[in-house]
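Spelled out, the chains give:
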Amino acid sequence: MNSISRTPKTSPITDDYDISNTVLGLGINGKVVECQEKRTGIKRALKVLHDSAKARREVELHWRASGCIHIVEIIDVYDNTYGGKRCLLVVMECMDGGELFQRIQDNREGAFTERQAAEIMHSICVAVRHLHDSNIAHRDIKPENLLYTSMQPNAILKLTDFGFAKETLTPADTLQTPCYTPYYVAPEVLGPEKYDKSCDIWSLGVVMYILLCGFPPFYSNHGLAISPGMKKRIRLGQYDFPEPEWSNVSPEAKNLIRGMLSVDPAKRLTIHQVMASPWVRQHAHVPQTPLYTHALLRDAGDAWADVQDEMTRSLATMRVDYDQVQIKALEQSNNSLLNKRRNKVGA
Ligand code: I85
């Protein structure tokens with residue numbers, strides 16, 4: 001863990017940057033606009049957040065996660081008054097290549113292949129491994145948060161938006177006490193930590209599924225809102241690999257998806273298991289089977305917006321559900337160490 005907590009600059013951002021009116025995107029917590037560093041002329045992306053505990057946490061976790069080639073880098077953070085309101089202004093490297101699926105849709109270099117899908121999955125997995133190893137769950141992995149550095153063929157794919165990220169340190173980690181030896185630690189003390197990280201693995205499974213065929217594993221029968229039927233199918237893990245789209249996809253890829261979309265979070269693969277799978281580890285040797293993805297995404301039209309909305313909604317549901325599981329698990333555990341800790345905190 002990075003123990004050096006960085007502090008935002010309090011000098012006016014306009015001393016160092018020219019801020020443009022060009023909006024690059026709208027997040028739930030704030031908008032992202034283009035800006036330019038005065039000293040170098042380099043174009044950057046600026047995310048404007050109204051100051052709050054939530055905004056502070058987003059910045060803190062994103063800052064801590066920077067330094068991975070597959071995570072959008074933070075350049076600078078300012079704590080400024082902006083239009084009479086206190087704001088956190090996050091300057092990031094500008095991702096000039098746009099969103100992952102947009103790029104596949106626009107693909108002009110022939111068919112999109114299973115090997116290309118594996119290369120993309122490998123990139124995303126590197127980002128997620130970096131986060132999980134740093135005790136951070138992203139909890140909002142979805143197509144819109146996966147951006148390319150440029151339009152060039154060698155562009156790098158990176159993960160962004162830490163608006164729902166969460167520290168996954170367990171009660172035991174927080175206790176940091178020498179008051180017990182690890183031989184005697186009950187599983188509940190080690191915590192239900194797993195669930196936040198497994199939420200990310202589920203999302204990875206959904207992204208991988210879409211990469212390989214161009215449509216999601218779960219969707220509502222009649223568009224828009226997440227329907228009861230769709231919810232039920234997600235809960236029961238009811239999805240399949242329909243033909244013809246999946247006919248030529250390798251069994252290794254399908255097995256990996258099954259491991260990531262396992263309904264029971266305890267049985268779901270960890271990021272290390274995903275990365276150890278031959279399909280991801282040896283992504284450069286995955287067969288170059290042409291996929292339907294490009295054609296289906298291109299023809300999806302407005303349906304793609306629905307897919308994105310549905311993914312956003314099911315992620316929200318999952319975060320709420322898992323938070324409840326964790327609260328319950330903590331309340332129900334009657335572990336003497338935890339009780340001691342509770343008394344201490346209460347004192
Ligand atoms: N550059 N989710 C969708 C964007 N460079 N974008 C979103 N949350 C964020 C926007 C709405 C992601 O935290 C987002 C966040 C950060 C960015 C971001 C960061 C760095 C960019 C919400 C672009 C861009 C720039 C030039 C051209 C193009 C895109 O978005 C394009 F290729 F699309 F034309």
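Residues numbered from 1 in each chain as written. Predicted model: local features only at pLDDT ≥ 70, side-chain atom pairs only at ≥ 80, totals over all residues. Heavy atoms only, no water.

(A) Fine view of the pattern of salt bridges. Scanning the model with the defined rule gives 19 salt bridges in all. A salt bridge links Asp 140 to Lys 142; the shortest N-O distance between them is 3.9 Å. Take Asp 140 and Lys 142: they sit in the same class, and that class is buried. Between Arg 319 and Asp 140 there is a salt bridge, and its shortest N-O distance comes to 3.5 Å. (Salt bridge = Lys/Arg side-chain N within 4 Å of Asp/Glu carboxyl O. Buried < 20%, exposed > 50% of the residue type's maximum accessible area, 1.4 Å probe, protein only.)

(B) Layout of the side chain of Lys 47. On the secondary structure map, Lys 47 appears in strand E3 (residues 43–50). At a separation of 3.2 Å, a polar atom in the side chain of Lys 47 contacts the side chain of Asp 161. What Lys 47 contacts, discounting residues up to four positions off in sequence, is Gly 30, Lys 31, Val 32, Glu 58, Leu 88, Leu 89, Val 90, Met 92 and Asp 161. (Helix = DSSP H or I, 4+ residues; strand = E, 2+ residues; numbered from the N terminus. Polar contact = N/O pair within 3.5 Å; in protein donor to acceptor, adjacent residues only side chain to side chain. Contact = heavy atoms within 4.5 Å.)

(C) Looking closely at the nonpolar core. Formed by 65 residues in total, the largest nonpolar core has its most connected members in Leu 100, Leu 211, Leu 212 and Trp 279. If one sorts the elements of this core by residue count, helix H6 (residues 194–213) sits on top with 12 residues. Setting aside anything within four residues of it in sequence, one finds Trp 279 in contact with Glu 114, Ala 117, Ala 118, Met 121, Met 208, Leu 212, Ser 250, Glu 252, Ala 253, Leu 256 and Val 286. Counting 12 residues, the second-largest nonpolar core is a separate cluster that includes Val 59, Val 72, Val 77 and Val 90. (Core = buried A, V, L, I, M, F, W, Y, C linked by side-chain atoms within 4.5 Å.)

(D) Highlighting the packing of aromatic side chains. Summed over all chains, the structure comprises 10 aromatic pairs. Ring geometry for Tyr 209 versus Phe 241: centroids 5.9 Å apart, planes at 25°, classification stacked. In this pair, Tyr 209 sits in helix H6 while Phe 241 sits in the loop between helix H7 (228–236) and helix H8 (251–260), placing the two residues 32 residues apart along the sequence. Taking relative accessible area as the criterion, Phe 241 reaches 17% and is therefore assigned buried. Both rings, one in Tyr 239 and one in Phe 241, keep their centres 5.7 Å apart while their planes meet at 85°; by these two values the pair is edge-to-face. Neither Tyr 239 nor Phe 241 differs from the other in exposure class; each is buried. An aromatic cluster of at least three residues, connected via ring pairs, comprises Trp 202, Tyr 209, Phe 215, Phe 218, Tyr 239, Phe 241 and Trp 246. (Phe/Tyr/Trp six-rings, centres within 6.5 Å; stacked < 30°, edge-to-face > 60°.)

(E) Highlighting helix H3 (residues 114–133). Taking 1.5 Å of rise per residue, 20 residues should cover 28 Å, and H3 covers 28 Å from first to last C-alpha, within 8% of that figure. Looking one or two places after H3, you find Asn 135, whose phi comes out positive at around 60°. (Expected span 1.5 Å × (residues − 1).)

(F) Layout of the site of the ligand. Looking at the ligand, there are 20 residues lining it, with Lys 47, Met 95, Asp 96, Asn 145 and Asp 161 nearest. Separating a nitrogen atom of the ligand from a backbone N or O atom of Met 95 is a distance of 2.9 Å. Between the ligand and the protein, one listed contact pairs a nitrogen atom with a side-chain N or O atom of Asn 145 at 3.0 Å. Alone, the ligand offers 670 Å² of accessible surface; in the complex the protein occludes 81% of this. Secondary-structure elements contributing two or more residues to the shell around the ligand are strand E1 (17–26), E3 and strand E5 (85–93). Looking at the shell around the ligand, the element that brings in the most residues is E1, giving three residues. (Near = heavy atom within 4 Å. Areas by Shrake-Rupley, 256 points an atom, 1.4 Å probe, with all protein chains shown as cover.)

(G) Region of interest: the sheet that holds strand E6 (residues 98–99). Strand order in this open sheet of three strands is E6-E8-E9, and the pairing throughout is antiparallel. Across the chains shown, the open sheet's two edge strands, defined by having one partner strand only, are E6 and strand E9 (157–159). Relative to E9, strand E8 (residues 146–148) is paired through three bridges, and the arrangement is antiparallel. Opposite Leu 147, over in E9, you have Lys 158 as the bridge partner. The strands touched by H3 within the sheet are E8 and E9, with E9 carrying the most contacts at an inclination of about 35°. (Pairing = 2+ DSSP bridges. Axes fitted to C-alpha atoms, helices over the stretch in contact; angles between N-to-C directions.)

On their own, these measurements won't tell you what the molecule is for.
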